[in-house]
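Listed here are the chains, written in short residue letters.
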Amino acid sequence: MIKALDRNYRDKLRRLLSVMLPIICTQIAIMGMNFFDASMSGQAGDVDLAGAAIGGNIWMPIQTGISGILMAAMPLVANLLGAGEKEKITVVVRHGLCLALGFAVLVLACGTTFLPHFLQGMGLAPEVYHVALWYLAGLGLGVIPFFMITPLRSLVDTLGYTHLTMRIYLLALPINACLNYVLIFGKLGLPRLGGIGAGVASGLTFWLLLAIFAWVISSLEPFRSYGIFGFIRPTYSWLKEYLRIGVPMGISIFMETSIFGVVALFIAKFGTETIAAHQAALNFSSLIYMLPLSFSLALTIVVGVEYGAKNYQGARDYVTIGLQTSLGIAGFYMLAEYFLREQIAFIYTNNVEVIALVKVFLLYAIGWQAGDAIAAPIQGILRGYKDVDATFWASMLAYWGICLPLGLFLDYKVGNGAFAYWQSLDIGVISSATLLSLRLIWLQKKLK
């Protein structure tokens, strides 16, 4: 009996890791594209870096929020896969593509109408305004494929082919780097576009990714048998179900990612060295976050399939294994980060004062990484259970009801300076982890 349980545990752990490890590589490849945008724009000049950074900060909350809505395809497909309702999977993905096209058109229309006035209102220097505007225009070339990729990737990943998605993004990464180099610096007889070229390169890369996903899904089994590409008349009931799952997901992701942008605005008043240290520690922490995020996406898939099949014990097994593994890995990288804080700081700067600040910020980062190791996987688990409202309310309360007001209090009333916002982020993430844990305990007792 014990041997059977051990075998069951190993099989499920192997299944979870086989889904998760390629997702980690995919997310790192996506971060690599952002790295090439920033680093090559910086080599082109300070104006190009500033313009591309401003454009990227405007684009980030838009793309994460809408992508979060479109990611509803993942729990929906997982549940239908577990229930054996193959024909409905096709309907879900087609409705996702319709919504992706609609959101893309809306973003392009709003950008064309409001973006110039919005940038002018920021009081940017004329040359920075020019780069930011046309960087976003370059990205606009790829808005349609960017959003349409999300439901297609959700299908591929949920069917268990995360390694295929990984290969697609790893293939696109060097192509994106080459496009950046050619367009930013004006190679192969093309004009030098500077930071604007980074936006154009990303837009073209999105079309390449869409073309590859479309070829894979229309040509290879088992994807071809689903007949994804075909006409569908959108129905109210399916759109309502897609948005019922997707809107809370998108808003919760938006609230979680946007809080870091807001914090950066309040930290800006503390001077250049503090800003540099904040950005360095935040950049490293964003890289670390790929691990709990990958657990989150993988658990959405495996828990969603078990839940769709009404195998509630199997879903609970994945919950236990996922959280244990996430916390075990988190303990290792948090310990390593604690002892290697100075070496990590040296990656970003040689300024002694900035290094000292980075080391302190990383201590606080370890605190919120502990919370993320619990909160991020549970978010994925709850999405697998199609319980998305809890993640929405937890994010709203933790980040905007607790984190931001507490940060302002610790800064303006207590006088903790820039550290106040990192302290409040720790408390916000831990609050989110606590709320989500309580929700998961309640939900599993209900299902039991």
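The model shown is predicted, which means the values in this text are computed figures rather than measured ones.

S.K.: How would you sum up the overall build of the chain? Please name residues and give values.
M.R.: Scanning the chain from N- to C-terminus turns up 15 helices and zero strands. For 448 residues, the compact-globule estimate of 2.2 N^0.38 gives 22 Å, and the chain sits close to it at 22 Å. Summarising its shape, the C-alpha atoms of the chain cover approximately 65 × 50 × 35 Å along the three principal directions. Looking at the chain residue by residue over its 448 residues, the buried ones come to 53%. The contacts in the chain between residues at least 6 apart in sequence include a share of 82% that link residues at least 24 apart. Accessible area for the chain stands at about 19700 Å²; split by element, carbon and sulfur atoms hold 69% of it. Taken as two groups, the 29 positive and 23 negative side-chain charges of the chain have centres that lie 11 Å from each other.

S.K.: So what about the environment of His95? Which residues, and what values?
M.R.: Along the chain, the position of His95 falls in helix 4 (residues 86-121). Each C-alpha atom of the pair His95 and Asp157 lies 18 Å from the other, and the pair is 62 residues apart in sequence. When neighbours within four sequence positions are excluded, His95 is seen to be in contact with Ile232, Pro234, Thr235, Trp238 and Leu239.

S.K.: Break down unusual backbone geometry for me, citing the residues and quoting the values.
M.R.: Omega for the bond connecting Glu221 with Pro222 falls within 30 degrees of zero, at 10°, which places this linkage in the cis form. Among the structural elements, Pro222 can be located in the loop between helix 8 (195-219) and helix 9 (236-267). Of note, Lys310 is a non-glycine position whose phi angle comes to about 60°, a positive value. Relative to the helices and strands, Lys310 resides in the loop between helix 10 (272-308) and helix 11 (312-339). The backbone of Lys386 shows a phi angle near 65°, a positive value even though the residue is not glycine. Locating Lys386 in the fold gives a position in the loop between helix 13 (352-384) and helix 14 (389-413).

S.K.: Give me the lowdown on the pattern of salt bridges, citing residues and values where you can.
M.R.: One pass over the full model with this rule turns up nine salt bridges. Taking the shortest distance from any N to any O, the salt bridge between Lys386 and Glu241 comes out at 3.2 Å. Linking Lys386 in the loop between helix 13 and helix 14 with Glu241 in helix 9, this pair joins segments that are 145 residues apart in sequence. One salt bridge connects Arg439 with Asp387, and the closest N-O pair in it is separated by 2.8 Å.

S.K.: Describe in detail helix 5 (residues 126-140), supporting the description with residues and values.
M.R.: End to end, helix 5 covers 21 Å across 15 residues, agreeing with the expected 21 Å (1.5 Å per residue, within 8%). Restricting attention to buried positions, one finds in helix 5 the residues Val128, Tyr129, Val131, Ala132, Leu133, Tyr135, Leu136, Gly138, Leu139 and Gly140.

S.K.: Please set out the nonpolar core residue by residue, giving values where relevant.
M.R.: Phe147 and Val303 are the most contacted members of the largest nonpolar core, which totals 94 residues. The leading source of residues in this core is helix 4, at 11 residues. Apart from residues lying up to four places away in sequence, Val303 is in contact with Ala315, Tyr318, Val319, Ile381, Gly384 and Tyr385. Among the nonpolar cores identified, the runner-up in size contains 33 residues, and Ala280, Ile288, Phe361 and Ala418 belong to it.

S.K.: Mind laying out the packing of aromatic side chains, listing which residues take part and the relevant values?
M.R.: Per the stated rule, a full pass over the model turns up 16 aromatic pairs. Ring geometry for Trp59 against Phe146: centres 5.4 Å apart, planes inclined by 65°, an arrangement best described as edge-to-face. Of this pair, Trp59 sits in helix 2 (residues 46-70) while Phe146 sits in helix 6 (residues 143-158), placing them 87 residues apart in sequence. Centre to centre, the rings of Phe266 and Tyr421 are 5.7 Å apart; their planes meet at 10°, and the pair counts as stacked. In this pair, Phe266 is assigned in helix 9 and Tyr421 in helix 15 (residues 419-447), connecting sequence segments 155 residues apart. What links up through ring pairs into an aromatic cluster is the set Phe361, Tyr364, Trp368, Phe419 and Trp422. Positioned over the ring face of Tyr318 is Lys12, at 5.6 Å from the centre of the ring. Positioned above the aromatic ring of Tyr338 is the side chain of Arg341, whose terminal nitrogen or guanidinium carbon lies 4.9 Å from the ring centre.

S.K.: Break down the environment of Leu293 for me, citing the residues and quoting the values.
M.R.: Secondary-structure assignment places Leu293 in helix 10. The spacing of Leu293 and Ala373 is 80 residues in sequence and 8.7 Å in space, taken between C-alpha atoms.

S.K.: Requested: an account of the environment of Leu108, with residues and values cited.
M.R.: With respect to the helices and strands, Leu108 occurs in helix 4. Residues contacting Leu108, with those up to four places away along its chain left out, are Gly140, Val143 and Ile144.

S.K.: Help me get a handle on the packing of helix 5 against helix 8, residues and values and all.
M.R.: Contact geometry of helix 5 with helix 8 gives a least axis separation of 7 Å together with a crossing angle of 10°. What the angle tells us is that helix 5 and helix 8 run roughly parallel. Residues His130, Val131, Trp134, Tyr135, Gly138 and Leu139 of helix 5 touch helix 8, and the partners they reach there are Gly195, Ile196, Ala198, Gly199, Val200, Ser202, Gly203 and Phe206. Grouping the constituent residues of the contact of helix 5 with helix 8 by class yields eight nonpolar, six polar and no charged.

Cut-offs applied
Residues numbered from 1 in each chain as written. Predicted model: local features only at pLDDT ≥ 70, side-chain atom pairs only at ≥ 80, totals over all residues. Heavy atoms only, no water. Helix = DSSP H or I, 4+ residues; strand = E, 2+ residues; numbered from the N terminus. Rg over C-alpha atoms; globule rule 2.2 N^0.38 Å. Buried < 20%, exposed > 50% of the residue type's maximum accessible area, 1.4 Å probe, protein only. Contact = heavy atoms within 4.5 Å. Areas by Shrake-Rupley, 256 points an atom, 1.4 Å probe, with all protein chains shown as cover. Lys, Arg positive; Asp, Glu negative; His and termini not counted. Charge placed at Lys NZ, Arg CZ, Asp CG, Glu CD. Salt bridge = Lys/Arg side-chain N within 4 Å of Asp/Glu carboxyl O. Expected span 1.5 Å × (residues − 1). Core = buried A, V, L, I, M, F, W, Y, C linked by side-chain atoms within 4.5 Å. Phe/Tyr/Trp six-rings, centres within 6.5 Å; stacked < 30°, edge-to-face > 60°. Lys NZ or Arg CZ within 6 Å of the ring centre and 35° of its normal. Axes fitted to C-alpha atoms, helices over the stretch in contact; angles between N-to-C directions. Parallel < 35°, antiparallel > 145°, perpendicular 65-115°, else oblique. Nonpolar A, V, L, I, M, F, W, Y, C, P; charged D, E, K, R; others polar.

Purely geometric numbers; function is a separate question.
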